[in-house]
Amino acid sequence: MIIAVPSTGPEGLDSEVSMHFGRTPYYTFITVENGEIKNVKSVPTPFPEHGPGDIPKFIKENGGDIVIAYGMGQRAVDFFNQLGIRVILGAYGKIGDVINAFLKGELKVEENWKEKGDFGNHKWG
């Protein structure tokens, strides 16, 4: 399984989860096999500007099965779902901590993330 996380920098597991997946400078791709992290790579965001569906396609092209992010709009969630990519929202903190908590089934997310920042400008459900 490959988990994609929008990240604030290229430091892999030491980077922080970016607060908005559509404006992140990097994506960290974590390959997990048998519950263990096997590979980590950071990829710069390839789009100076992106259109609807560009980022979900980019993540799919990089093998992403799951996206763990802080927040994104419903339209982006729908694109991911159409591509068969699971989306987990409300995650925050250091990527390594987030991934380890996820793998242990202990990931805590911020339930009210939609009320923060500009997420209130998105349409939901």
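Structure first, text after, so check above.
The structure presented is a predicted model; accordingly, all values stated were derived computationally and were not measured.

Conventions adopted
- Residues numbered from 1 in each chain as written.
- Predicted model: local features only at pLDDT ≥ 70, side-chain atom pairs only at ≥ 80, totals over all residues.
- Heavy atoms only, no water.
- Helix = DSSP H or I, 4+ residues; strand = E, 2+ residues; numbered from the N terminus.
- Polar contact = N/O pair within 3.5 Å; in protein donor to acceptor, adjacent residues only side chain to side chain.
- Pairing = 2+ DSSP bridges.
- Axes fitted to C-alpha atoms, helices over the stretch in contact; angles between N-to-C directions.
- Buried < 20%, exposed > 50% of the residue type's maximum accessible area, 1.4 Å probe, protein only.
- Contact = heavy atoms within 4.5 Å.
- Phe/Tyr/Trp six-rings, centres within 6.5 Å; stacked < 30°, edge-to-face > 60°.
- Lys NZ or Arg CZ within 6 Å of the ring centre and 35° of its normal.

1. Comments concerning the side chain of T28
Relative to the assigned elements, T28 resides in strand β2 (residues 26-33). Within the structure, T28 has its side chain in polar contact with the side chain of S7 (distance 2.9 Å).

2. A closer look at the sheet that holds strand β1 (residues 2-7)
Judged by pairing direction, the sheet is mixed, and its 5 strands sit side by side in the order β3-β2-β1-β4-β5 without closing on themselves. Whereas interior strands pair on both sides, the edge strands pair on one side only; in this sheet they are β3 (36-44) and β5 (86-89). When the angles between neighbouring strand axes are averaged without regard to direction, this sheet yields 20 degrees. Taken together, the 4 bridges between strand β4 (residues 66-69) and β5 define a ladder with parallel strand orientation.

3. Side note on the environment of A101
By the element assignment, A101 lies in helix α3 (residues 95-103). Relative accessible area serves as the criterion here: at 16%, A101 is assigned to the buried category. Every residue in contact with A101, bar those within four places of it in the chain, is listed here: E106 and L107.

4. Considering the packing of aromatic side chains
Per the stated rule, a full pass over the model turns up 2 aromatic pairs. Here the aromatic rings of F29 and F58 are separated by 5.9 Å at their centres, their planes lie at 75 degrees, and the arrangement is edge-to-face. Remark: F58 occurs in helix α1 (residues 54-61) and F29 occurs in strand β2; sequence separation between them is 29 residues. An aromatic cluster is present here, built from Y27, F29 and F58 joined pairwise through their rings. Here the basic side chain of K41 rests over the ring of F29, its NZ or CZ set 5.7 Å away from the ring centre.

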